[in-house]
Amino acid sequence: MGLKKNLINAIAFLLLACAVSAQNLISSVYNVMDYGATADGQTDNTLVFQQTWEKVCMTEGNPRFLIPEGSYLLGPLIFKGPCKGHISIQLKGKLLAPTDVTKYTANWIEFQYIKGLTISGGGTFDGQGASAWSQDMCPKNSQCRNLPMSVVFAFIENLRMSGVHVKNSKSFHVNVFNSDNVHFHALKISAPADSPNTDGIHMGDISNVNITDTTIGTGDDCISIGPGSINVTVTNVKCGPGHGISIGSLGRYVNERDVKNLKIQNCTLTNTQNGVRVKTWQDNPSPLAAAYIVFEDITMNNVLNPIIIDQKYCPHYMCTKNSPSKVKIEHVTFKNIKGTSASPEGIQLVCSDAVPCEGIELSNINLESNNGAAMSATCVNVQGTSDGSVSSSACTMINSL
């Protein structure tokens, strides 16, 4: 009898524990509609989203921030940690940024100081940038005020963002810095080809990054990898329109950190201004290095400048050009790159007069001009090796493999 009673008590305890766990699971889902959000695309939901975030951030375990279908005008706002759990944001609806740039002191949506953040759900971040692009004065004025970026991640550990759409940002679409262990997967990032400074994904001072299976078409770099980026892998990205996939620009500011261990692979660029590029500022204030970079298995479709190293970068006359770049570029591989160029010059490797590029490898380069003209290449201050797939008298200083 005692054994039977103990068994009944044990079963009752397990059922109670299951009920409590289920209740905790239910209570860890925070739906913005339950906190007063209005999904009409016109009502300002900034305060509601901020209050919902505060609840989510204080919840242990794996709380979920749910944004149902509908259109939500909000921002600018900051989702700030540290938080008690690993937060999942399930974005099913569309978030709309204010069009009035005077409402911004910095960016649209920022995530800061969070350990464990997942964003998914198939929804959209719409920066509504069309009305602001004409206000971008930076090409004419070096003292300009930058337009707000759409989605910014700062001081984040363990970030995964997948399956969402980021569109029409006023400036950069996604910017991530001072973060570690970051994975962007199956994103769609889009803006018109003539939208200024609308980089798809920009990063800096970051480590252990993976970008996979993503489609980006904007008015600037599809991906730009800035100073302090270490261990970055970009795989199966479709880029275009835009300015291509860039390392840099590097060297604009004092005490920038080195860039190393980068791999760009299995990517396709279509109708872009550039293909794969390393760019460093001329007359930069502090020395740094860009090393151990691989561009491999890349397809170019009607790309104006498929392969570039540009160490005389000085856009809009924003540098003095009094001295050569101090950025040391070494151990860079261009391998298995094929397709068509929109210009007769498929390769431009223009390195610094002060610190020539070293360890540059050109292997299995198969580029053709759209108009059938012979392809040419430019190599200045370059030391390295080639398998002979690049035929140009200007590149004879690259030894054959």
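Residues numbered from 1 in each chain as written. Predicted model: local features only at pLDDT ≥ 70, side-chain atom pairs only at ≥ 80, totals over all residues. Heavy atoms only, no water.

**Regarding the overall build of the protein chain**
The criterion, for reference: The secondary structure listing takes helices from DSSP runs of H or I that are at least 4 residues long and strands from runs of E that are at least 2 residues long, numbered from the N terminus. Contact criterion: two residues are considered in contact whenever any of their non-hydrogen atoms come within 4.5 Å of each other. To be clear on the numbers: accessible area is Shrake-Rupley with a 1.4 Å probe, and residue cover counts the displayed protein chains and nothing else.
When helices and strands are tallied, the protein chain shows two helices and 27 strands. Restricting the contact set of the protein chain to residue pairs at least 6 apart, pairs at least 24 apart contribute 75%. Counting only carbon and sulfur atoms, one obtains 51% of the accessible surface of the protein chain, whose full area is about 17,600 Å².

**Here's the deal with the side chain of T333**
Within the element layout of this structure, T333 appears in strand β22 (residues 327-341). Residues contacting T333, with those up to four places away along its chain left out, are I293, V294, F295 and E361.

**Looking at the pairing of strand β14 (residues 201-217)**
Keep this limit in mind: The rule for pairing is simple: two strands pair if DSSP sees at least two bridges between them.
The pairing of strand β12 (residues 174-185) with β14 spans 10 bridges and is parallel. Paired with V176 across the strands is M203, a residue of β14. Bridge count between strand β13 (residues 188-190) and β14: three bridges; the pairing is parallel. Note on β14: the bridge partner recorded for I189 is I216. Two strands pair when backbone bridges link them, and β14 and strand β15 (residues 223-225) are joined in this way by three bridges, in the parallel orientation. Residue pairing in the sheet places M203 in a bridge with I225 of β15. Two elements, β14 and strand β16 (residues 229-239), share nine bridges in a ladder whose sense is parallel.

**Describing the nonpolar core**
Using the following cut-off: The nonpolar core is taken to be a set of buried Ala, Val, Leu, Ile, Met, Phe, Trp, Tyr and Cys residues, with the residues joined through side-chain atoms within 4.5 Å. Per-residue accessibility, obtained with a 1.4 Å probe over protein chains only, is compared with the maximum for each type, and a residue is labelled buried under 20%, exposed over 50%, and partly exposed between these values.
Judged by nonpolar contacts, the single largest core of 90 residues is most densely connected at F49, F111, F125, F153, F184 and F334. In this structure F184 touches F153, L159, M161, V174, V176, I201, N210, I211, T212 and T214, once residues within four positions along its chain are discounted.

**Brief notes about helix α2 (residues 46-57)**
To keep things clear, this is the line we draw: To estimate how far a helix should reach, multiply one less than its number of residues by 1.5 Å. Comment: arc refers to directions from the helix axis out to C-beta atoms.
Look at α2: 16 Å from first C-alpha to last across 12 residues, which is about the 16 Å you get at 1.5 Å a residue. For α2, every residue scored as buried is listed here: T46, V48, F49, T52, W53, V56 and C57. End-on, the buried residues of α2 take up no more than an arc of 160 degrees, which puts them together on one face.

**Here we look at the pattern of salt bridges**
Rules: Take a side-chain nitrogen of Lys or Arg and a carboxyl oxygen of Asp or Glu: if they are within 4 Å of each other, that pair is a salt bridge.
Tallied over the full model, the rule gives six salt bridges. The residue R257 makes a salt bridge to D205 at a minimum N-O spacing of 3.1 Å. Here D205 lies in strand β14 and R257 lies in the loop between β17 (245-250) and β18 (259-270), a separation of 52 residues in the sequence. A salt bridge links D221 to K279, with the nearest nitrogen and oxygen atoms 3.3 Å apart. Taken together, the residues D221 in the loop between β14 and β15 and K279 in strand β19 (residues 274-281) connect sequence positions 58 residues apart. For K279, a relative accessible area of 5% translates into the label buried.

**Overview of the layout of surface pockets**
Spelled out, the test is: A cavity here means a set of 1 Å grid points, computed over protein atoms only, where a 1.4 Å probe fits but cannot escape. A pocket is an open set with protein on both sides within 12 Å along at least 5 of 7 lines, and lining residues have an atom within 4 Å of a point. Grid points are joined across faces, edges and corners, and a volume is the space filled by probe spheres set on the points. Residue polarity is assigned by list, with Asp, Glu, Lys and Arg as charged and Ala, Val, Leu, Ile, Met, Phe, Trp, Tyr, Cys and Pro as nonpolar; anything else, Gly included, falls into the polar class.
Of the pockets and cavities examined, the largest pocket occupies roughly 1,400 Å³. What lines the largest pocket is a set of 48 residues, among which N146, F172, N197, R252 and Y253 lie closest to the centre. Contributing elements (two or more residues each) for the lining of the largest pocket: β12, β14, β17 and β19. Top contributing element to the lining of the largest pocket by residue count: β14, with four residues. Looking at the lining of the largest pocket, its residues break down into 20 nonpolar, 17 polar and 11 charged. Looking at the second largest pocket, its volume works out to about 160 Å³. Lining the second largest pocket are 11 residues, and of these I347, L367, M375, S389 and V390 sit closest to its centre. Mapped by element, the contributors of at least two residues to the lining of the second largest pocket are β23 (345-350), β24 (357-369) and β25 (376-380).

**A short note on empty space enclosed by the protein**
A complete count under the given rule lists two cavities of 30 Å³ or more for this structure. Volume-wise, the largest cavity comes out at about 60 Å³. Class assignment of the residues belonging to the lining of the largest cavity gives a composition of nine nonpolar, no polar and no charged. Taken as a whole, the second largest cavity spans an internal volume of roughly 40 Å³. Split into classes, the residues belonging to the lining of the second largest cavity amount to two nonpolar, three polar and two charged.

**Some words on the confidence of the model for the protein chain**
Put simply, the test is: Every residue gets a pLDDT, meaning the predictor's confidence in that residue, from 0 to 100.
Averaged over the protein chain, the pLDDT score is 90; the fraction of residues at 70 or greater is 88%. A low-confidence stretch, residues 12-27 stays under pLDDT 50, and its non-local contacts, those more than four residues away or across chains, total zero contacts.

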